[in-house]
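Fold and contact review
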Amino acid sequence: MDFNLETLSQCFLRTLSPLPEPRREAEKYLADASDRPGFALAVLRLLAEPAVSEDIRHAAAVNFKNHLRSRWAPKDDRSAPVEIIPIPDQEKDQIKSLIVRLMLAASPRIQSQLSEALAAISKHDFPKSWPSLLPELVSSLQQASDYVTINGILGTANSIFKKFRYQYETNDLRLDLKYCLDGFAAPLLDICLKTSKLISANLHSADALRPLFESQRLCCRIFYSLNFLELPEFFEDHMKEWMIEFQNYLTTAYPALENDQNGIKVVDGLRAAICENISLYMEKNEEEFKDYLNGFATAVWNLLLSVSVGPARDQLVITAIKFLTTVSTSVHHSIFSAQQTLQQICEKIIIPNIQLRDEDEELFEFNYVEYIRRDIEGSDLDTRRRIACELLKGIATNYKEQVRQIVSGQIEAMLSLYGQNQTKNWKQKDCAIYLVVSLATKKAGGGSVSTDLVNVESFFASVIVPELQSHDVNALPMLKADALKFFTTFRTQISKPVALALIPDVIHFLGSESNVVHSYAANCVEKLLLVKDEGQPRFISSDIGPFLPVLMTNLFNALKFPESQENQYVMKCIMRVFGVADIGGEVAGACIASLTAILGETCKNPKNPVFNHYLFEALAALIRRSCEQDPSLVSSFETSLFPFLQTILVNDVSEFWPYTFQIFAQLVEINKPPLPVNYMQLFQVLLAPETWKRSGNVPALVRLLQAYLQKAPLELKQEGKLKDVLEIFQRLVSASSTDELGFYVLNTVIENISYDVIELYIRHIWSILFMRLQNLRTIKFVKSLVIFMSLFLIKYGHGNLVETINNVQPNIFAAILEQFWIPNLKLITGFVEMKLTSVASTRLICESPALLDDSAAVMWGKMLDSIVTLLSRPEQDRVQEEPEMPDIGETVGYSATFVHLYNAGKKEEDPLKEVRDPREFLVTSLARLSALSPGKYPAIIQKTMEPDNQAALLQLSSAYRCPIV
């Protein structure tokens, strides 16, 4: 279809308009036009028109790139609001024939966009469906003379070859790599050597050097991609040429470029790429690389000694230190063995890169979230501080004692400097504490850490405690944060009396104006409350009771500081305190008032999902702990909460719906029947089909429905409510993604409703289950069915179970037993589920006429064999879970994410509290049965059971003194 280029040109111009109306009209026109064949080709023709302004062509290039990304090979996404129409094959072929030539002729801005578009095509088509691409790129590279074109080609090749770094290694990927190596490895070396000569000839011209250095950087990135999987033969044969070039760039100065920050950045970019390449060879091709190792180690060492501490040079420093770290843990670590070398590494490389910089202080003050993310959440892997510590750890792998002595001496020297002038030299103390914390090692199997650098108790007492006991919470805040972090890190090694005495001081820091400090104070309290001694919590409610009011006051006040209104560390601490403390009376009232006020504000614009989760966990914990201890608080909590929970539902704050339903479930469960009117009104809404349309809400709705079924079972007799509940069950159980939830509903119905109420619906229930069994059988469904049948038997008796199943189809119970119950019984997991199914199965073989008849002897034996397997063998020996294919399209449409609230979880009910030991129940039942017909059952056991299970049964009979005669 033809497009008018002038119309397209004007349309792209209007997309740049500051006025919303013409911009929206233009965007709509382009969106409609993009569905028509020939659109991408027309935009490409527009890009080739030199008369069209650069801004218009750049807008068109961005549109073209995005168009190709979404339509070259669109995914079949049924949840998409509109169908994405793919680009026709004929148009694709034309685009592929034109794009390389147009890209190379374009200006740098447009070339960049077309290069990304080309990479998007190659992701799907290269090399199999685009065999002409690589030869065309190589030919263009060999013919090009200007470095705008050369760098455009190399940039495109770099984008294409990146897949060899990230994609899962397969035979197809290796074949693609071989194809690329055959076509591009030699031209890559040629252009690198050619560029190297030009650099040598232009050492005094910064303008000439810039594109040449960028070209070499791109060559290095391509080198990295082509060598990532393994060492190719071509690169092994030509390793010397490559290594000479790499070492040259690491050791040569380029004053024409390095006299300003922009030039330094260009040189550092190339050197950082080289450091990544030699690190790759050190990791994967150590044997072939060893002859060059000493030269590179010296070069990188000298480079690090000359690099400034400014942030502009971070990339180079980090990649260089990573290379030395790789060497330190290799078989060639002996190059670091000399005492003088170790001393120099610590003094000249590690300590300078661990020292606080102005940039760290700015981050601490102005972006506390990012500072904390780096400092205590482990996202600082690419910072100077962390990578310097990794180098120290690497060297300590083989020279632990030498490193310990050197670093301990450094720490003492820093603390001594701090002692001489605490105001001026506070950064020395920060560095000392950082070293101790960062080099601590985690002990296996727990959260405790240890260090050989210092004696933790004496260091804590002399260095950390003075900071914690400082009266001015706002003075030297970075040191306060360091002290709190140390306390948190080594909390298991600080004795309970010492820690308990310091908690009021930590609470004091919740009032610090520094976001980092009051966040670390909250984090410290929260982590202390998690410490366990021999499996038991170290701190209990009576420990924190004396300072609970001030703790809660300070925590809620901390949420009033600027930028901390949604501070997740503070809210997590509030949640943890509620889980430990006894909160009642005035404190409980103040807490629920504060939480609901925060909820009201958060509902207006939910931004931080982690904070939101802890907010609802805190609400659930407060309800659980306070209302269980003092039921009189229920009505006041409801009065406070209901308006906000209703606002969430009425205003469709969809992110909070799953949380809201879980909180409602909790409130329903703590009420005593009959439920108040407002709850029953919500029950009516709950049963409406439209309430269940959003799949993300379904688990929480099931949780709420279960609560109602437990607390208001009599209501199901009225106005067809049971029918509504069973319709919900039917919808849930029909899909494999929600079938377990359907069984949760059905099981709760059975647990709480008498047989006479449900009798009318039993045949319909079995029909639904057997239809699903026939149409979509999965292990998960069959296990849930066995559990349900077992529960039915326990609640309503084996007679009703057999009779109601056979009413669906004559004698079908025997088939269900043989094909599903017996073979899948051994797959049941969970103590309550195992007890339920084993006891129900035992009752079947010991009480049901259907299995006691002589004609059913073989089935009786197989059932007993399965029961013994379930009760005598470890779970890992009998359960082999199979991955199940999800139903495509079951959760299509809007989906809010469901997140389970731990503190609002449903308590697991045991329908067989009277049976303490299912093994004892089995053998006592068998002993009673066999006593009625001596000799009959031992013969059946011998014929039908596996020898291992016969031995296990004999052992159980002996252990419980219940012989089977």
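What counts and how
All residue numbers here refer to positions counted from 1 along the written sequence of the relevant chain. For a predicted model such as this one, the threshold for reporting local features is a pLDDT of at least 70, and the threshold for listing and counting side-chain atom pairs is 80 or more; totals across whole chains, interfaces and linings nevertheless cover every residue. Just so you know, side-chain values use all the structure's heavy atoms and leave hydrogens and water out. Numbered from the N terminus, helices here are DSSP runs of H or I no shorter than four residues, and strands are runs of E no shorter than two. The rule is simple: take the accessible area with a 1.4 Å probe, protein chains only, and divide by the maximum for that residue type; under 20% is buried, over 50% is exposed, in between is partly exposed. Areas reported as accessible are Shrake-Rupley estimates using a 1.4 Å probe. Residue values count occlusion only from the protein chains shown. Two kinds of site are reported from a 1 Å grid over the protein atoms alone, namely cavities, where a 1.4 Å probe fits but cannot get out, and pockets, open sets with protein on both sides within 12 Å along at least five of seven lines, and residues are called lining when an atom falls within 4 Å of a point. Grid points are joined across faces, edges and corners, and a volume is the space filled by probe spheres set on the points. In the scheme used here, Gly and all other residues not listed as nonpolar or charged are polar, with Ala, Val, Leu, Ile, Met, Phe, Trp, Tyr, Cys and Pro taken as nonpolar and Asp, Glu, Lys and Arg as charged. Multiplying 1.5 Å by the helix residue count minus one yields the expected span of that helix. Bend is computed residue by residue as the angle between axes fitted to the seven residues ending at the residue and the seven residues starting at it. Only C-alpha atoms enter the line fits that serve as axes; for helices the fit covers just the stretch in contact. Angles between N-to-C directions range over 0 to 180 degrees. Working rule for angles: under 35 degrees goes down as roughly parallel, over 145 as roughly antiparallel, 65 to 115 as roughly perpendicular, anything else as oblique. Crossing handedness is defined as follows: a turn of the near helix away from the far one that is anticlockwise and smaller than a right angle gives a left-handed crossing, while the clockwise case is right-handed. Two residues qualify as a contact provided that any one of their heavy atoms is within 4.5 Å of a heavy atom in the partner residue. Confidence scores per residue from the predictor, reported as pLDDT, run from 0 to 100. The rule for a salt bridge is simple: a side-chain nitrogen of Lys or Arg has to be within 4 Å of a carboxyl oxygen of Asp or Glu. For the purposes of this section, nonpolar cores are sets of buried Ala, Val, Leu, Ile, Met, Phe, Trp, Tyr and Cys residues that join through side-chain atoms within 4.5 Å. The aromatic pairing rule takes the rings of Phe, Tyr and Trp, using the six-membered ring of Trp, and pairs them if the centres are within 6.5 Å, calling planes under 30 degrees apart stacked, those over 60 edge-to-face and the rest tilted. In this analysis the charged atom, NZ for Lys or CZ for Arg, is taken to sit over a ring once it is within 6 Å of the ring centre and within 35 degrees of the ring normal.

Focus: the overall build of the chain
Across its full length, the chain holds 49 helices and 4 strands. Counting only C-alpha atoms and orienting by the principal axes, one finds that the chain spans roughly 105 × 80 × 65 Å. Within the chain, the proportion of its 965 residues that are buried is 53%. For the chain, the accessible surface area stands at approximately 43,700 Å², while carbon and sulfur atoms represent 52% of it.

A look at the layout of surface pockets
By volume, the largest pocket is sized at about 960 Å³. In terms of lining residues, the largest pocket is bounded by 35 residues, among which Gln706, Tyr744, Asn747, Glu833 and Glu908 are the most central. Those elements giving two or more residues to the lining of the largest pocket turn out to be α35 (698-711), α37 (739-752), α40 (779-796) and α43 (831-847). Sorting elements by how many residues they give to the lining of the largest pocket places α37 first, with 7 residues. Reported here for the second largest pocket is a volume of approximately 610 Å³. Every element with two or more residues in the lining of the second largest pocket is listed here: α20 (384-396), α22 (426-438), β1 (441-442), α24 (477-489) and α26 (515-528). When grouped by side-chain class, the residues that make up the lining of the second largest pocket number 5 nonpolar, 7 polar and 9 charged.

Considering helix α10 (residues 171-201)
Here α10 is 31 residues long and its end C-alpha atoms lie 44 Å apart, about the 45 Å a rise of 1.5 Å per residue gives. By the largest-angle criterion, Phe184 marks the main kink of α10, which is about 40 degrees, and a proline, Pro187, follows within four residues.

Let's talk about the packing of helix α11 (residues 206-227) against helix α13 (residues 239-251)
At a closest axis distance of 13 Å, the pairing of α11 and α13 adopts a crossing angle of 130 degrees. On the basis of the axis angle, α11 is oblique to α13. In this structure, the crossing between α11 and α13 has a hand that is left-handed. Between α11, through Gln216, Cys220 and Phe223, and α13, the contact on the second element is made entirely by Trp242, Met243, Glu245, Phe246 and Tyr249. Counted by class, the contact of α11 with α13 contains 6 nonpolar, 1 polar and 1 charged residues.

A short note on the confidence of the model for the chain
Of the residues in the chain, 96% have a pLDDT of 70 or more, and the chain-wide mean is 92. The lowest-confidence element of the chain is helix α46 (residues 875-878), averaging 72 in pLDDT; the highest-confidence one is α26, averaging 98. Taken together, the stretch residues 881-896 has pLDDT below 50 and engages in 29 contacts with residues farther than four places along the chain or on a different chain.

Some points on the environment of Gln261
Relative to the helices and strands, Gln261 is located in helix α14 (residues 261-284). Taking relative accessible area as the criterion, Gln261 reaches 52% and is therefore assigned exposed. When the C-alpha atoms of Gln261 and Ala106 are compared, they prove to be 29 Å apart, with 155 residues separating the residues in sequence.

Thoughts on the packing of helix α8 (residues 147-161) against α11
Between α8 and α11, the shortest axis-to-axis distance is 9 Å and the interhelical angle comes to 20 degrees. Between α8 and α11, the angle falls in the class roughly parallel. Relative to α11, α8 is oriented so that their crossing is left-handed. On α11, the residues touching Tyr147, Ile150, Asn151, Leu154, Gly155, Ala157, Asn158 and Phe161 of α8 are Pro211, Leu212, Glu214, Ser215, Leu218, Cys219, Arg221, Ile222, Ser225 and Leu226.

Observations concerning the pattern of salt bridges
Tallying each qualifying case throughout the model produces 48 salt bridges. A salt bridge links Glu361 to Lys427; the nearest nitrogen and oxygen atoms lie 2.7 Å apart. Placement of the pair is Glu361 in helix α18 (residues 358-366) and Lys427 in helix α22, with a sequence separation of 66 residues. Residue classification places Glu361 among the partly exposed residues on the basis of a relative accessible area of 24%. Its relative accessible area of 24% is what places Lys427 among the partly exposed residues. Two residues, Lys604 and Glu601, come together in a salt bridge whose shortest N-O distance is 2.9 Å.

Here we look at empty space enclosed by the protein
Inspection of the entire model under this criterion finds 2 cavities of 30 Å³ or more. Of all the elements in the fold, those that place two or more residues in the lining of the largest cavity are α19 (368-375), α22 and α24. The element that contributes the greatest number of residues to the lining of the largest cavity is α22, accounting for 3 residues. Class assignment for the residues of the lining of the largest cavity results in 4 nonpolar, no polar and 4 charged. Here the second largest cavity is characterised by a volume of approximately 30 Å³. For the second largest cavity, the full set of lining residues is Leu851, Leu852, Asp853, Asp854, Ala857, Trp860, Lys936, Tyr937 and Ile940. Elements that contribute at least two residues to the lining of the second largest cavity include exactly α44 (849-852), α45 (857-872) and α48 (936-944). The element contributing the most residues to the lining of the second largest cavity is α48, with 3 residues. For the lining of the second largest cavity, the per-class residue count stands at 6 nonpolar, no polar and 3 charged.

Looking at the nonpolar core
Burial of nonpolar side chains together is a common tendency in soluble globular proteins. In this structure, Val577, Phe578 and Leu769 are the most contacted members of the largest nonpolar core, which totals 341 residues. Per element, the largest residue contribution to this core is 12 residues, and it comes from α40.

Focus: α20
Compared with an ideal rise of 1.5 Å per residue, which puts 13 residues at 18 Å, α20 spans 18 Å between its outermost C-alpha atoms and is within 8% of the ideal. Taking burial as the measure, the 13 residues of α20 include 10 buried ones, the bulk of the element. Every buried residue belonging to α20 is among Arg384, Arg385, Arg386, Ile387, Ala388, Cys389, Leu391, Leu392, Gly394 and Ile395, and all of these are buried.

Some words on the packing of aromatic side chains
Scanning the model with the defined rule gives 38 aromatic pairs in all. Aromatic side chains Phe289 and Phe296 sit 5.7 Å apart centroid to centroid with 25 degrees between the ring planes, which places their arrangement in the stacked category. No difference in accessibility class separates Phe289 from Phe296, as the two residues are buried. Ring centres of Trp860 and Tyr937 lie 4.7 Å apart, and the angle between their planes is 40 degrees; on these two criteria the pair is classed as tilted. Pair noted here: Trp860 is in helix α45 and Tyr937 is in helix α48, with a separation of 77 residues, a long-range link. Given the relative accessible area of 5%, Tyr937 is considered buried. For the cation-ring pair, Arg221 lies above Tyr224, with the distance from its terminal atom to the ring centre recorded as 5.0 Å. When the ring centre of Phe228 is taken as reference, the NZ or CZ atom of Lys284 above it lies at 3.9 Å.

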